[in-house]
Amino acid sequence: MPAFYEPQDEYLGAVQQIVLSSSEHDYIDQLIPIMRDVGNQDKAGQLMQALTQVSSEREAEIERICNSNHQDFVNSVKQLQHVREGTMSLTSEILNLSQSIETSTEKLAQQKKALVDSRGVRQNIDETSQALKDCLEVLRLANQVHDLLAKQNNYAALRALDELKQVHLREVTRYKIAEIIEQSVPATQRMIADAVMKDLNTWLFRLREVSQFLGEMAFYQTGLRRDRQKERADQDKIHTGFRLNSAVEAVADEIEEFDLLNNDDVQVDFTPLFEALYIHDALGETEKFRRDYAATRREQNERLVPQRGLDLVDEENNELSSLLESIAGFALIEKATLERTENLRTTADVDELWETMCQKSIALLVSALPTVDSDEKLLRIKSVVALFIQTVSSWEYSVASFDKLTVTLFEKYADLLKRRFREDFQEIVSTDDYMPMPINNPEEYEKVLSASWYSPEDDQQPQFPCVLPFSQMYPLCCIDIRNFLNQMYLFADDHFQHASLIDETLRNSLDELLCEDVCKALVDRLSPQWPGQIVQTLTNFDHFETACRELQGLLVEARSSSSAAGPITLKATGAFADAKKKAEKLIFELVNSKIDDLVETAEYDWLSPIPPDGASLYMSELTRYLSNIMTSVLLGLPIKIKELIYFDALSHISSSILRLPLDETIRRISPQAVRAYQLDVDHLVDFVGSLGDSSLLAGLEELQQTKDLMVASADPNGRADEEFFDAERSRKRFAKVDRASGAELLEKISQGVQAAQAEAKAQTLSSPPPTEKKMGMNFSGFSSRFGNLKG
């Protein structure tokens, strides 16, 4: 059989496998795969060729077998014919099957093509659907950003925009919408930045409005801390030496901590600031935001301090408290911002703003100080400043400039205080009656003792009504001095770091007030025309000197500077001592002047031959004057001063009387004149002895011894000259007598005795009638003793 096709080995093997199949099922199973592979006419021909070739080979094999075995061959032929018939039917079936397969294959190909086409469409639809989903998600996020902006949720809007840019836009980069949205991102970021800055400005505006309230609350809490510290100091003395804001006070007050920024009255939420800082950091504009924020805070700082003047007098408006409260609130926000953020505010920025506020507010306050004319108002101003200093010190701000301001306030306070007390002192001095102060009851007496530095010599309770030695001005001035002392130290009660300045100013001010407005004013009022006023002023001087000495000790105990040591000496003490001496001198001059006037009336007839009947009239007037002045004018003087004046007066009397017989015009002194001189001296000594103070007699020793010398020398039988010029005997009897004066008196008396003896001898020789002689002697004595009284 001619072969049109060269059978391929693969079909030959397959046909052989079909032939060798053990059953029809195996045959069909092996044939089906071959038929599936026969997709066209050529392959079907090849299969038929392979089947034909196998058939031919089998026929040849059968013929060969038949040649050797005919019967077997015949049988084989029969079998072969059956096989051939089967083969032919099989071939027909195969052809039908092949045609069917071909038809099925075409349908399958069409279906596969349709399937492929449908799959592509479906894939395109899926891709389109996914793209739409991605684009819709992008649009949703873009709209969400704007919705969050509308809701002022700027931080969430930025996060959504960042997610949109970093994640979702990358998934739709091949679409136009990605380009459009990406181009709109910077504008959206700017919208977010503008929105957050708007929120931040609103927050800053609200902070500016709440700053004063924060400062007021901080001042109130500082006041509570003061009270608690004072209470602790009262309960335990160990807390006395510790001031507010000290480490010990901070530890003791830990349980009372109060959050000024988050409490029942106010809550300061820093979220807008954090949000703005984060957003600008995410936008890469941190430096710009820092500059803008600093500029805004500087602008608010400039608006914080008013440009117009500050009214320190109007207590209702209390502009100073409002200003310092606003500054404190502003400083509190700055310190909180510094602690809560990083790289936004530096310590230098905060300190710069703080110093600017301090300088402007201090300059404003100082310029308004001249309008304050009351020390009480200035003390209130200082208390507000001290409260401010103690408040901001707890936040670790520098308060050096305000410490200097307190010095300025103290100087102004001291001047106002001195002016007020100067007016008080001048009024007290000018309205004093210069009379001993009357006391009506024990209550008044106790008030005077508690107010003044007066210690009565007698500890027993006086009988009321009574009179105190000083005038009313002394206790009034003492009260003012104590008030001045208390009010001066009152300035240091809250916060004052210059304690030594208070001590020094207080000492100088007291000296100035006491010296100029009390002592000098009293000295200027001393007038010889008013002895009683001089005496009372002298008494006041003595008590003021005592008060100054007591005040010196009080200043040592009360001084606020613990580092200072040593005594305190007031110039006023010496001023009152000098004034007292001046008043004493004036009293001495008045008394001595009166003594001189009385002594000038002494009419001694040093040549009188008539013995005197008693003490001279001038001596009686003199002792009467001394007695009266001591029991009236000088009665209120302190005993020591009164004794001193008495001693000086007696010394002046002694020297004045001693000068009488030593006058150059007196050449002789008669024994009768010596007797008259003796009676006057003895009268004076008896008067002084009656005073009961033996020390006063010491001032009359020279006069007494001189009188004794004159009496001894007037005795013709005496040896006064020998005794006087004998040094050893003279020291016993005439030690106080001046040697020259004694010798002069001895000479004058000696000549007087000789003259008297000569006259007596002459009278004896003339022997006048007894009656005439007696009358002449009486007339002569009267004339010699009282003849000069007319002149």
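Residues numbered from 1 in each chain as written. Predicted model: local features only at pLDDT ≥ 70, side-chain atom pairs only at ≥ 80, totals over all residues. Heavy atoms only, no water.

1. Considerations on the overall build of the protein
For clarity, the cut-off: Helix and strand definitions here come from DSSP, where helices need a minimum of 4 consecutive H or I residues and strands a minimum of 2 consecutive E residues; each element is numbered from the N-terminal end. Accessibility here uses a 1.4 Å probe with only protein chains present; expressed as a share of the type maximum, an area under 20% marks a residue as buried, one over 50% as exposed, and anything in between as partly exposed. By the convention used here, residues are in contact when the closest approach between their heavy atoms is within 4.5 Å.
A count of helical and extended segments in the protein gives 26 helices and two strands. Relative to its full complement of 791 residues, the protein shows a buried share of 43%. By sequence separation, contacts in the protein at least 24 residues apart represent 76% of the contacts at least 6 residues apart.

2. Quick word on the packing of aromatic side chains
Note the threshold: Side-chain rings of Phe, Tyr and Trp, where Trp is taken by its six-membered ring, are said to pair if the distance between their centres is within 6.5 Å; with planes under 30 degrees apart they count as stacked, over 60 as edge-to-face, and otherwise as tilted. As a reminder, the over-ring test applies to NZ of lysine and CZ of arginine, requiring each to be within 6 Å of the ring centre and within 35 degrees of the ring normal.
Under the defined criterion, the tally for this structure stands at 22 aromatic pairs. The lysine or arginine in question, Arg739, covers the ring of Phe724, its NZ or CZ lying 4.0 Å from the ring centre.

3. Some remarks on the packing of helix H13 (residues 400-431) against helix H16 (residues 499-524)
Note the threshold: In this description, a line fitted to the C-alpha atoms serves as the axis of each element, helices being fitted only across the stretch in contact, and the angle between N-to-C directions of two axes falls anywhere from 0 to 180 degrees. Each angle is binned into one of four classes, with values under 35 degrees roughly parallel, values over 145 roughly antiparallel, values of 65 to 115 roughly perpendicular, and all other values oblique. By definition, any crossing whose near helix is turned counterclockwise from its far helix by less than a right angle is left-handed, and any crossing with a clockwise turn is right-handed. Residues are grouped as follows: Ala, Val, Leu, Ile, Met, Phe, Trp, Tyr, Cys and Pro are nonpolar; Asp, Glu, Lys and Arg are charged; every other residue, Gly included, is polar.
It is the contact of H13 with H16, at a shortest axis distance of 10 Å, that shows an interaxial angle of 20°. Between H13 and H16, the interaxial angle falls into the category roughly parallel. With respect to the hand of their crossing, H13 and H16 are arranged in right-handed fashion. On the side of H13, the interface is formed by Val407, Phe410, Ala414, Lys418, Phe421, Arg422, Phe425, Gln426 and Val429, while H16 contributes Leu501, Ile502, Thr505, Ser509, Glu512, Leu513, Asp517, Val518, Ala521 and Leu522. Tallied by class, residues from the contact of H13 with H16 come to twelve nonpolar, three polar and four charged.

4. Topic: a nonpolar patch on the surface
Definition in use: Patch membership is restricted to residues that have no salt bridge and whose relative accessible area is over 30%. Joining uses 9 Å for like charges and 5 Å for the nonpolar side chains Val, Leu, Ile, Met, Phe, Trp and Tyr. Method for areas: the Shrake-Rupley scheme with a 1.4 Å probe, in which residue coverage is limited to the protein chains shown. The working definition used for a salt bridge is a side-chain nitrogen of Lys or Arg within 4 Å of a carboxyl oxygen of Asp or Glu.
There is a patch of nonpolar side chains on the surface, built from Leu132, Leu136 and Leu139 and spanning about 290 Å² of accessible area. Topologically, Leu136 is positioned in helix H4 (residues 70-150). Residue Leu136 is classed as exposed on the basis of its relative accessible area of 57%.

5. Describing helix H15 (residues 473-490)
Put simply, the test is: A helix is expected to span 1.5 Å multiplied by its residue count minus one.
For H15, built from 18 residues, the straight-helix expectation of 26 Å at 1.5 Å per residue is met to within 8% by its first-to-last C-alpha distance of 25 Å. Residues of H15 that are buried sit in contact with H13, strand E1 (437-439), helix H14 (442-451), H16 and helix H17 (531-558).

6. Side note on the environment of Ile595
Considering the arrangement of structural elements, one finds Ile595 in helix H18 (residues 571-600). Residue classification places Ile595 among the buried residues on the basis of a relative accessible area of 0%. With 31 residues separating them along the chain, Ile595 and Leu626 place their C-alpha atoms 8.9 Å apart.

7. Observations concerning the side chain of Ser321
Note the threshold: In the analysis that follows, any N or O atom pair within 3.5 Å is treated as a polar contact, provided that within protein one partner can donate a hydrogen and the other can accept it, and provided that, for residues neighboring in sequence, both atoms belong to side chains.
Within the secondary structure, Ser321 is located in helix H10 (residues 319-340). Here the side chain of Ser321 touches Asn318 through a polar contact of 3.0 Å, side chain to side chain.

8. Describing the packing of helix H8 (residues 271-282) against helix H9 (residues 286-304)
In contact at an axis separation of 8 Å, H8 and H9 are set at 145° when each is read in the N-to-C sense. Residue-level inspection shows Leu273, Ala276, Leu277, His280 and Asp281 of H8 in contact with H9, the latter providing Thr286, Phe289 and Tyr293. Broken down by class, the residue content of the contact of H8 with H9 amounts to five nonpolar, two polar and one charged.

9. Brief notes about the pattern of salt bridges
Summed over all chains, the structure comprises 20 salt bridges. Close ionic contact of Lys288 with Asp292 constitutes a salt bridge, the shortest N to O distance being 3.0 Å. Pair noted here: Lys288 and Asp292 are both in helix H9, with a separation of four residues, about one helical turn. Residue Asp292 is classed as partly exposed on the basis of its relative accessible area, which comes to 29%. Among the salt bridges present, the one from Glu744 reaches Lys748, with a minimum N-O distance of 3.3 Å. Here the residue Glu744 and the residue Lys748 both occupy positions in helix H25 (residues 739-766), the gap between them amounting to four residues, near one helical turn. On the accessibility criterion, Lys748 (6% relative accessible area) is buried. The network of salt bridges with shared partners includes Lys418, Arg422, Glu512 and Asp517.

10. Structural notes on the confidence of the model for the protein
The cut-off we apply is this: pLDDT is a per-residue confidence score from the predictor, ranging from 0 to 100.
Overall, the predicted model of the protein reaches an average pLDDT of 81, with 83% of residues at or above 70. Of the regions scoring below 50 in pLDDT, residues 1-7 engages in ten contacts with residues more than four places distant in sequence or in other chains.

11. Some words on the nonpolar core
As a rule of thumb, nonpolar side chains are buried together in soluble globular proteins. This is how it is decided: The criterion is simple. A nonpolar core is a set of buried Ala, Val, Leu, Ile, Met, Phe, Trp, Tyr and Cys residues joined through side-chain atoms within 4.5 Å.
Counting residues in each nonpolar core, the largest one holds 180 residues, and the members touching the most others are Val385 and Ile645. Tallying contributions element by element places helix H6 (residues 176-235) first for this core, with 14 residues. Once residues within four sequence positions are removed from consideration, Val385 is found in contact with Leu320, Leu324, Leu365, Phe402, Leu405, Thr406 and Leu409.

12. Let's talk about unusual backbone geometry
Between Phe464 and Pro465 the backbone carries a cis peptide bond, its omega angle lying at 0°. Residue position: Pro465 is located in the loop between H14 and strand E2 (466-468). Backbone geometry places Asn343, a non-glycine residue, at a positive phi of 65°. The backbone phi angle of Tyr434 is positive, close to 55°, even though this residue is not glycine.

13. Regarding H8
A rise of 1.5 Å per residue sets the reference length of H8, with its twelve residues, at 16 Å; its end C-alpha atoms lie 16 Å apart and thus fit the reference within 8%. Among the residues of H8, those classed as buried are Pro272, Leu273, Glu275, Ala276, Leu277, Ile279 and His280. Within two residues after H8, Gly284 carries a phi angle of roughly 75°, on the positive side.

14. A short note on the side chain of Ser211
Its location among the elements puts Ser211 in helix H6. Ser211 gets classed as buried once you look at its relative accessible area, which sits at 5%. A polar contact of 2.6 Å, which involves the side chain of Ser211, links it to the backbone oxygen of Leu207. Leaving out residues up to four positions away in the same chain, Ser211 has contacts with Glu325, Ser326, Gly329 and Phe330.

15. Brief notes about the state of the cysteines
Note the cut-off: Sulfur atoms of two cysteines make up a disulfide when they are within 2.5 Å.
Taken as a whole and assessed by the stated rule, the structure comprises zero disulfides. Cysteine Cys515 shares no disulfide, and the gap to the nearest cysteine sulfur, in Cys519, comes to 6.3 Å. Judged by relative accessible area, Cys515 falls into the buried class, the value being 18%. No disulfide involves Cys548; its sulfur sits 7.6 Å from that of Cys515, the nearest cysteine.

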